[in-house]
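Summary of the model geometry
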Amino acid sequence: MLVPMRYIFLGAGAVGGTIGGRLHRGGRDVLLVARGPHLAALRADGLRLTVPDGTHLLPVPAVGGPEEVELTPDDVLVLAVKTQHSAALLDQWAPRPVAGGGTAGERLPLVCAQNGVENERLALRRFARVYGMCVWLPSTHLEPGAVSAAGSPRSGVLHLGRYPHGTDGTAARIAADLDDSHFDGYAVEDVMAWKYAKLLSNLGNALEAVAGPIDGELRMRLWRRALAEGGAVLAAAGITYPSEEEQRARRGDRVTLLPLAGAARSGGSSWQSLVRGTGDIEADYLNGEVVLLGRLHGVPTPLNAALQRLAAAFAREGRPAGSLPEADLADLADLLDA
């Protein structure tokens, strides 16, 4: 009989907190790794998870780092931070000893439940068993100790598989646990194809973060331009991914957003970084990935480069989310059309 796995979430924000909280409610063994006021709140009061059926106070154990954990061969590490924080955590956890011999990097599976496509490469330098996870999970983390997810009847759709490709029994077990915990979990052979599709959808994150909701003619024109640049660089690089039709068919009406009492979702992950004042943002690994591929393959990406720079400046300077003046946004559009 298989021993149940323990899920250790390296990062307990919107994604890690929601997946971890849902797994905990589903009866799985979960440990959250957090820092600062969020860690203090988790230790004092547990995780406050708000979903369509109400708010649940969950006594999920939380720690501040690997020195507080005794790892076993049945542990699964889930990396759930923004990409700019991945390398530091990977360096902390990879050399940690595992009961029975060896290190985490040698023995334990590590799942990258993150946006972008760089995390798996970073992880594979340090961990022998790396899994990608494509996260379609509308969720929010704005205050210590609390996360929310408005999707119904499922909180999210999660594809996972071995990196760089393939699947195995561990992926199938994780997918089954997710299925039992208010997610649609899929173990797939081509997880990175799904992650590249998600990358394209995330190219609007920086635009939303600096300029507010993507609505109206001007913002929609910029969003379509950013998406077109992304599609062009993936084509030049020979990278294939599921079509919009395939993605819609997989999601269907499984994650319909419902109002949450006291937990309005006002923006995506990059917007949330600015609201929380973290001082950094993931644009280098979203829009910046398109810029990198464009430079490698000779494809111009002026809008994604501009959004990458703007988002970084907003984070560095502590500028409020959505505060880019309308005139500056119009000037950006005019410059691109010149």
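Residues numbered from 1 in each chain as written. Predicted model: local features only at pLDDT ≥ 70, side-chain atom pairs only at ≥ 80, totals over all residues. Heavy atoms only, no water.

With that settled, the discussion passes to the pairing of strand β12 (residues 156-162). Buried residues dominate β12, accounting for six of its seven residues. Pairing of strand β8 (residues 129-136) with β12, which is carried by six bridges, proceeds in the antiparallel orientation. Bridging across to β12, G132 finds its partner in G161. Of the pairings in the sheet, the one linking β12 to strand β13 (residues 183-187) comprises five bridges and is parallel in character. Counterpart to L160 in the pairing with β13 is A187. (Buried < 20%, exposed > 50% of the residue type's maximum accessible area, 1.4 Å probe, protein only. Helix = DSSP H or I, 4+ residues; strand = E, 2+ residues; numbered from the N terminus. Pairing = 2+ DSSP bridges.)

This part is about the pattern of salt bridges. Across all of its chains, the model carries 19 salt bridges by this definition. Salt-bridge contacts for R25 lead to D53; the nearest nitrogen and oxygen are separated by 4.0 Å. Taken together, the residues R25 in helix α1 (residues 14-25) and D53 in the loop between β3 (47-51) and β4 (54-58) connect sequence positions 28 residues apart. The partly exposed category is assigned to R25, whose relative accessible area is 42%. Note that D168 and R162 form a salt bridge whose closest N and O atoms lie 3.0 Å from each other. For D168, a relative accessible area of 23% translates into the label partly exposed. We classify R162 as partly exposed; its relative accessible area is 23%. A single salt-bridge network, built from bridges that share partners, covers R154, D179, D184 and R254. (Salt bridge = Lys/Arg side-chain N within 4 Å of Asp/Glu carboxyl O.)

So, on to helix α9 (residues 216-237). Taking 1.5 Å as the rise per residue, α9 with 22 residues should run 32 Å; its terminal C-alpha atoms sit 32 Å apart, in good agreement. Turning to α9, the residues buried within the fold contact α7 (191-201), α8 (205-211), α12 (287-297), α13 (302-317) and α14 (326-337). At the exit of α9 stands G238, carrying a positive phi of roughly 75°. (Expected span 1.5 Å × (residues − 1). Contact = heavy atoms within 4.5 Å.)

All right, on to the nonpolar core then. In terms of nonpolar packing, the biggest core is built from 64 residues, with I8, L71, L77, W93 and F127 touching the most fellow members. With residues near it in sequence (within four places) discarded, F127 still touches L77, L90, W93, A94, A104, G105, L108 and L110. M5, L49, M133 and L137 belong to the second largest nonpolar core, which has 34 residues in total. (Core = buried A, V, L, I, M, F, W, Y, C linked by side-chain atoms within 4.5 Å.)

Turning our attention to the sheet that holds β13. The strand order across the open sheet formed by eight strands is β5-β2-β1-β6-β7-β8-β12-β13, and the pairing between neighbours is mixed. With partners counted over all chains shown, the strands left at the sheet margins are β5 (62-63) and β13, one partner each. Direction of pairing for strand β1 (residues 6-10) relative to strand β6 (residues 75-79): parallel, over a ladder of five bridges. Its bridge partner lying in β6, I8 is registered against L77. The sheet strands contacting helix α6 (residues 169-179) are β1, β6, β7 (109-113), β8, β12 and β13, and the helix crosses β13 at an angle near 170°. (Axes fitted to C-alpha atoms, helices over the stretch in contact; angles between N-to-C directions.)

Attention shifts here to the sheet that holds β4. The strand order β4-β3-β10-β9 describes an open sheet built from four strands, whose pairing is mixed. At either margin of the open sheet sits one strand with a lone partner, and together these are β4 and β9 (139-140). For β9 and strand β10 (residues 146-149), the ladder comprises two bridges, and the chain directions are antiparallel. In the strand pairing of β10, T140 is matched with S148. Each of β3, β4, β9 and β10 is contacted by α1, which is oriented at about 90° to β3, the strand it contacts most.

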